[in-house]
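# Remarks on the overall topology
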Amino acid sequence: MDFLPIFLNIKNNKILVDGGTMVAARRVQRALQAGANVSVFDPELSDEFLPLLDDDRLTHVARVPVASDYIGVKIAFGASENDGRDAALFKNAKAAGALVNVADVAKYCDFIAPSVVDRDPLIIAITSSGKTPVIARILRARIETLIPPSYGHLASFLGGFRDKIAKKINNLSSRRHFWENIIEGEVSDRFLSGDENGAHSLLNEKLDLVKNGNTLEKIGEVYLVGAGPGDPDLLTFRALRLMQRCDVVLYDRLVSDDILNLVRRDAERINVGKLPKNHTMQQEDISQLMIDLAKQGKRVLRLKGGDPFMFGRGGEEIQMLSANNISFQIVPAITAAMGASAYGGIPLTHRDHAQSCVFITAHGKDGALELDWKALLRPSQTVVVYMGLSNLKKLTDEFVEHGADPKLPAAIIENATRPEQRVITGNLSDLNKKAKAANIKSPSIIIIGDVVKLHSQLKWNVEKKGDSHKMSLQAQKLL
Ligand code: SAH
């Protein structure tokens, strides 16, 4: 390691910034945030300084700094982009015993100004040791997206309980365990979803359960999480957080491997979509299994394809949990219709083509489709059909029999949002034939309506999507 990472206390210290550039403004802003008294030297300041100039602790001196300006200075930042000024700054600052950093000039740097993720009081500083600053910046952006903006508030909120918890739980490892449960559990979830009062009372309840310095809690939780249509980039932050926290995951057939790879490595995996001899687990058995696991104190992740409440039987599972007093949370996701629409380049509504959109399932019992044809055949409407592939011929025929134009455009999107996605377009009279010819398989979703015409214009590069997909997986692993 070429540098020692430390966080300096510079409250009320003198900081000198040479330059009126944008970089200078950023240095000034950070120093002010950290409570320093800052003098900025330059005849002219850029617009980025405007919001900073009201701060009493900032002094603007409209000239280049001279040796006497450095007396008592703790840190001198050079950001004038002028070689002569940088050299003078370095000489004068060192003579006065200050630490020096000149932007992008390694030979004048005692230390590096890192890329910062600011979730005050949580601060994450990243550096590439001066080798590739752009990597540090990209990584910073990635980390920004992984940590909810309110995480800093959470740290402050929990910090308020520190003494109380330390007094009540004197055993060190119990205390750490308690903290982990709070930070990774329901208390934080409530706080982060905006319910500070709820988080407060829940934390107190949990503390009340502590007896003789030990925690007694042993009741698990179920997370009903939507995994989206396949591309891991489409997961929500909350989904990812819960995926990385669970003790056991129950997943079904539609959850892609790329997504399963993001579940905490040592979590137990149960495939409820596939039993030996190709049987699938019955709904009641899945719900019972979740209840049993939660009662053992486990954090159970129920991971479902798409959105859990869109043709996903999530409601039924939650009813069972609720009847058994198991606590749960539900995380919505991009449903297959949305994923197929965006990645297939077929908007579901468009001012010139469709003013409404309906989602139906064509998974009729015994092959019979029980659909409200009058509602489905409204003009200027898009119909999205889930689970319609096995009944495709019947479905398209019946549309026509009930009065739809045989030339009404229709599309099938197979494996929507995944690298192997395929889109077949046609119309009601030829879609089935085309799907057979292309050997289209499940999971596939059908879009019927004028909007399908837009596909040729709006489709976009699948290969590119594959790349960004791989990159994001690499970044996840990196983190
Ligand atoms: N809860 C899920 C839907 C479950 S029903 C959601 O919100 O998406 C299962 C049906 O969803 C499949 O038969 C198929 O029609 C559709 N589906 C799910 N994932 C898909 C994908 N990646 N591509 C195309 N269709 C998909």
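### Topic: the side chain of Glu221
Positionally, Glu221 belongs in strand β8 (residues 221-226). Buried charged residue Glu221 carries no salt bridge. Nearest counter-charge: Arg245, at 5.2 Å. Separated by 3.4 Å, the side chains of Glu221 and Gln329 make a polar contact. The contact partners of Glu221, leaving out residues within four places of it in the chain, are Glu186, Ala294, Lys298, Arg299, Val300, Ser327 and Gln329.

### So, the environment of Asn432
Looking at the secondary structure, you find Asn432 in helix α16 (residues 431-437). A relative accessible area of 15% means that Asn432 is categorised as buried. A C-alpha to C-alpha distance of 35 Å links Asn432 and Leu224, two positions 208 residues apart in sequence.

### Side note on the side chain of Asp189
Within the secondary structure, Asp189 is located in helix α7 (residues 186-192). Within the structure, the side chain of Asp189 is placed 2.6 Å from the side chain of Gln329, a separation counted as a polar contact. Non-local contacts of Asp189, meaning those with residues more than four positions away in its chain, are made with Arg238, Arg241, Leu242, Arg245 and Gln329.

### Quick notes on the domain arrangement of the chain
Segmenting the chain into domains produces domain 1 (14-113), domain 2 (150-217), domain 3 (221-334) and domain 4 (339-463). The distance between the C-alpha centroids of domain 1 and domain 4 comes to 62 Å.

### Some words on the sheet that holds strand β13 (residues 356-361)
Judged by pairing direction, the sheet is mixed, and its 5 strands sit side by side in the order β13-β14-β17-β15-β16 without closing on themselves. Of all the strands in the sheet, just β13 and β16 (422-427) have a single pairing partner and so form its edges. Across this sheet, the average inter-strand angle for adjacent strands is 20°, counted without regard to direction. Pairing of strand β15 (residues 409-414) with strand β17 (residues 444-448), which is carried by 5 bridges, proceeds in the antiparallel orientation. Bridging from a neighbouring strand, Ala411 pairs with Ile447 of β17. Here helix α15 (residues 392-401) sits on the sheet and contacts β14 (381-386), β15 and β17; the angle it forms with β17, its principal contact strand, is near 10°.

### What to know about α15
When we look at burial in α15, the residues that qualify are Leu392, Leu395, Thr396, Glu398 and Phe399. Summarising the axial view, the buried residues of α15 lie within an arc of 160°, below the 170-degree limit, and thus occupy one face. Those residues of α15 hidden inside the fold are in contact with α14 (373-376), β14, β15, α16 and β17. Where α15 terminates, the next one or two residues include Gly403, which has phi positive at roughly 115°.

### A few points about the site of the ligand
The ligand sits among 18 residues. The nearest are Asp307, Met310, Thr335, Ala336 and Ser444. At 2.9 Å, a backbone N or O of Pro229 approaches a nitrogen atom of the ligand. Gly305 is positioned such that a nitrogen or oxygen atom in its backbone is 3.1 Å from a nitrogen atom of the ligand. When the ligand is considered free in solution it has 540 Å² of accessible area, and contact with the protein chains removes 94% of it. Counting only domains with at least three residues in the shell around the ligand, you end up with domain 3 (221-334) and domain 4 (339-463).

The rules behind the values
Residues numbered from 1 in each chain as written. Predicted model: local features only at pLDDT ≥ 70, side-chain atom pairs only at ≥ 80, totals over all residues. Heavy atoms only, no water. Helix = DSSP H or I, 4+ residues; strand = E, 2+ residues; numbered from the N terminus. Buried < 20%, exposed > 50% of the residue type's maximum accessible area, 1.4 Å probe, protein only. Lys, Arg positive; Asp, Glu negative; His and termini not counted. Salt bridge = Lys/Arg side-chain N within 4 Å of Asp/Glu carboxyl O. Polar contact = N/O pair within 3.5 Å; in protein donor to acceptor, adjacent residues only side chain to side chain. Contact = heavy atoms within 4.5 Å. Domains from an automatic or database assignment. Pairing = 2+ DSSP bridges. Axes fitted to C-alpha atoms, helices over the stretch in contact; angles between N-to-C directions. Arc of directions from axis to C-beta. Near = heavy atom within 4 Å. Areas by Shrake-Rupley, 256 points an atom, 1.4 Å probe, with all protein chains shown as cover.

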